[in-house]
Amino acid sequence: MSIRPVRIVLGLALVLSAALIPAPPVTAAGTTSIRVVKYAADGVTVVDERTISYTEMESQLPVQGDGNTTYYHQGPTFEEDDLWDPGETQNLKSKGAPRGTDLKDLCELVGGMSAGDTVKVSAADGFNKTFDYTNVYDPEPRQGKIVVAWHSDRDGYVPNWGDGMLLVFFAETTNSEGQHVFGNEDMRRSLPEERWHYFDIYPSTNGYSVKNIDEIAIFSAADDEDGESREVAQVDVSATVVLPQVALSLNRGVIDYGEVQPGGSSRVVDVGITNVGTTEVDLTLEVRGNDNVAQQFYERSLYVEGAAYARTATIARIERAQTESVDTQLKVPADWAEEGRQEAVFVFWAEAVD
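A quick note: this is a predicted structure, and the numbers were derived from the prediction, not measured. (Residues numbered from 1 in each chain as written. Predicted model: local features only at pLDDT ≥ 70, side-chain atom pairs only at ≥ 80, totals over all residues. Heavy atoms only, no water.)

Draft legend 1. Structural view of the confidence of the model for the protein. Overall, the prediction assigns the protein a mean pLDDT of 88, with 87% of residues at 70 or greater. Under a pLDDT of 50 for its full length, residues 1-26 has, in the predicted model, 96 contacts with residues more than four places off or in other chains. (pLDDT = per-residue confidence, 0-100. Contact = heavy atoms within 4.5 Å.)

Shown next as structure tokens:
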């Protein structure tokens, strides 16, 4: 079977009216402990695990950050001719002057990582980011250490610090203003392309700021028969594969579902999708929220073709040169308590049918 995934990006914004949604103010509490676990190569067998509190991190492991140095990530530039902003001056996102624990030191609690391993850092709401061995154990100065922060110079320790535990890149280099910025250009130069974070078509390192971290999971690349990690040697390989052309066209670029209330539904909005490639395709939909709250909102509220959103579900099969209309709607859970504008991106994935 020949398969070639193609991303067709559709920007979408949802407006929630504060006047129409009488939700009481909710103060989020930061997480206070993290489960650190290492899996064997099968992704299921637990090699080792430990749960550690923020107080144990501070007392038992090296502390990163001096509580005075401010660190920044970078949001999207929203300029197509300057996506990466090498000067690191646009849309900077201050993380304050946090203190925390190096992700590498937390990995070492359960046997550490080896070349080829990956580590997934997950929030309590399921939002997560995955990193490779080199970025955790041998980061470039422009990237800096990946730190799980448990103290904020503004709000103190978790759980009083509502965003903690928070993932922050402690960039060692500075921009022309002397600010420690892990910028979009730094991401492009220090992380592999498959790990880059985007908001719509725009790179944004702010997407790495995972809030309320409650799990760190190492996935081993290879095990021996006794379940112990083997050394991994790598060699670069290449091949040229000729695949059928897979391409899509959308009839809209933006959706605004309008104002909705908890327990209520939005209007149904259809997206016309045309197969302009050379082969029949199966279509799936991925939702990428602008932040943790938006991700959770759309995963809980979105319905596609009358069914609750599921990342792996095939939502349509489209023959060559044919158009399918895909109905979307929001059905907001009655217990939803966050008000305000929630933004996300729909990414339609097309795969050639055998």
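Still to come is the rest of the account.
Draft legend 2. Structural detail: the packing of aromatic side chains. All told, the structure shown has 16 aromatic pairs when counted by the stated rule. Both rings, one in Phe-346 and one in Phe-348, keep their centres 6.4 Å apart while their planes meet at 85 degrees; by these two values the pair is edge-to-face. Classification of Phe-346 by relative accessible area gives buried; the value is 0%. Each residue in the set Phe-131, Phe-169, Phe-182 and Tyr-208 is aromatic and connected to the rest through ring pairs, giving one cluster. Note that Lys-331 overlies the ring of Tyr-303, its terminal NZ or CZ placed 4.6 Å from the centroid. (Phe/Tyr/Trp six-rings, centres within 6.5 Å; stacked < 30°, edge-to-face > 60°. Buried < 20%, exposed > 50% of the residue type's maximum accessible area, 1.4 Å probe, protein only. Lys NZ or Arg CZ within 6 Å of the ring centre and 35° of its normal.)

Draft legend 3. Highlighting unusual backbone geometry. Geometrically, the link from Val-158 to Pro-159 is a cis peptide bond, its omega value of 5 degrees lying close to zero. Mapped onto the secondary structure, Pro-159 falls in the loop between β10 (156-157) and β11 (166-170). The linkage connecting Gly-164 with the following residue, Met-165, adopts the cis geometry, with an omega of -10 degrees. Checked against the element boundaries, Met-165 lands in the loop between β10 and β11. The backbone of Phe-78 shows a phi angle near 60 degrees, a positive value even though the residue is not glycine. (Helix = DSSP H or I, 4+ residues; strand = E, 2+ residues; numbered from the N terminus.)

Draft legend 4. Geometry of the side chain of His-180. Note on placement: His-180 falls in strand β12 (residues 180-182). Side-chain polar atoms of His-180 contact the backbone oxygen of Ala-171, separated by 2.8 Å. Beyond its immediate stretch of four places on either side in the chain, His-180 contacts Thr-69, Thr-70, Tyr-71, Tyr-72, Ala-171, Glu-172, Thr-173 and Thr-174. (Polar contact = N/O pair within 3.5 Å; in protein donor to acceptor, adjacent residues only side chain to side chain.)

Draft legend 5. Region of the structure containing the environment of Ala-41. Secondary-structure assignment places Ala-41 in the loop between β2 (33-39) and β3 (46-53). Through-space distance from the C-alpha of Ala-41 to that of Ala-221 is 5.4 Å; in sequence the pair is 180 residues apart.

Draft legend 6. Inspection of the nonpolar core at higher detail. Counting residues in each nonpolar core, the largest one holds 43 residues, and the members touching the most others are Leu-103, Val-119, Phe-131 and Met-165. Of all the secondary-structure elements, those providing two or more residues to this core are β2, α1 (54-60), α2 (103-108), β7 (118-123), α3 (133-137), β9 (145-152), β11 and β15 (213-219). Setting aside residues no more than four positions away along its own chain, Val-119 makes contact with Leu-103, Cys-107, Met-113, Lys-129, Thr-130, Phe-131, Val-136, Ile-216, Ala-217 and Ile-218. Core analysis: the second largest hydrophobic core is formed by 30 residues, Leu-250, Leu-330, Ala-344 and Phe-348 among them. (Core = buried A, V, L, I, M, F, W, Y, C linked by side-chain atoms within 4.5 Å.)

Draft legend 7. Here's a closer look at the pairing of strand β19 (residues 281-289). The element β19 is largely enclosed, with a buried count of 8 among its 9 residues. Both β19 and strand β22 (residues 314-318) contribute to a ladder of 4 bridges, which runs antiparallel. Along β22, the bridge assignment pairs Thr-284 with Thr-314. Relative to strand β24 (residues 342-352), β19 is paired through 9 bridges, and the arrangement is antiparallel. Paired with Glu-286 across the bridge in β24 is Val-347. (Pairing = 2+ DSSP bridges.)

Draft legend 8. Region of interest: helix α5 (residues 292-301). Among all positions in α5, only Asn-292, Ala-294, Gln-295, Phe-297, Tyr-298 and Ser-301 are buried. Capping the start of α5, Asp-291 holds a side-chain oxygen 3.2 Å from the backbone nitrogen of Val-293, two or three residues further along.

Draft legend 9. Inspection of the sheet that holds β2 at higher detail. Strand order in the open sheet formed by 5 strands is β3-β2-β15-β7-β8, and the pairing between neighbours is mixed. The sheet terminates laterally at β3 and β8 (128-132), the two strands that pair on one side only. Averaged over all pairs of adjacent strands, the angle between their axes in this sheet comes to 15 degrees, without regard to strand direction. (Axes fitted to C-alpha atoms, helices over the stretch in contact; angles between N-to-C directions.)

Draft legend 10. Fine view of the sheet that holds β12. Strands sit in the order β5-β4-β12 across an open sheet of 3 strands; the sheet is mixed. Each edge of the open sheet is held by one strand with a lone partner, namely β5 (92-94) and β12. Averaged over all neighbouring strand pairs, the angle between strand axes comes to 35 degrees, with direction disregarded. Pairing geometry for strand β4 (residues 71-74) and β12, over 3 bridges, is parallel. Residue pairing across strands places Tyr-71 opposite His-180, the latter belonging to β12.

Draft legend 11. Representation of the pattern of salt bridges in the model. A complete count under the given rule lists 13 salt bridges for this structure. The salt bridge partner of Arg-35 is Glu-49, with a shortest N-O separation of 2.8 Å. Of the two residues, Arg-35 sits in strand β2 while Glu-49 sits in strand β3, which places them 14 residues apart along the sequence. Judged by relative accessible area, Glu-49 falls into the partly exposed class, the value being 40%. The salt bridge partner of Glu-215 is Arg-35, with a shortest N-O separation of 2.8 Å. Residue Glu-215 is found in strand β15, and its partner Arg-35 is found in strand β2; the two are separated by 180 residues along the sequence. Here the salt bridges do not stand alone but share partners, grouping Arg-35, Glu-49 and Glu-215 into one network. (Salt bridge = Lys/Arg side-chain N within 4 Å of Asp/Glu carboxyl O.)

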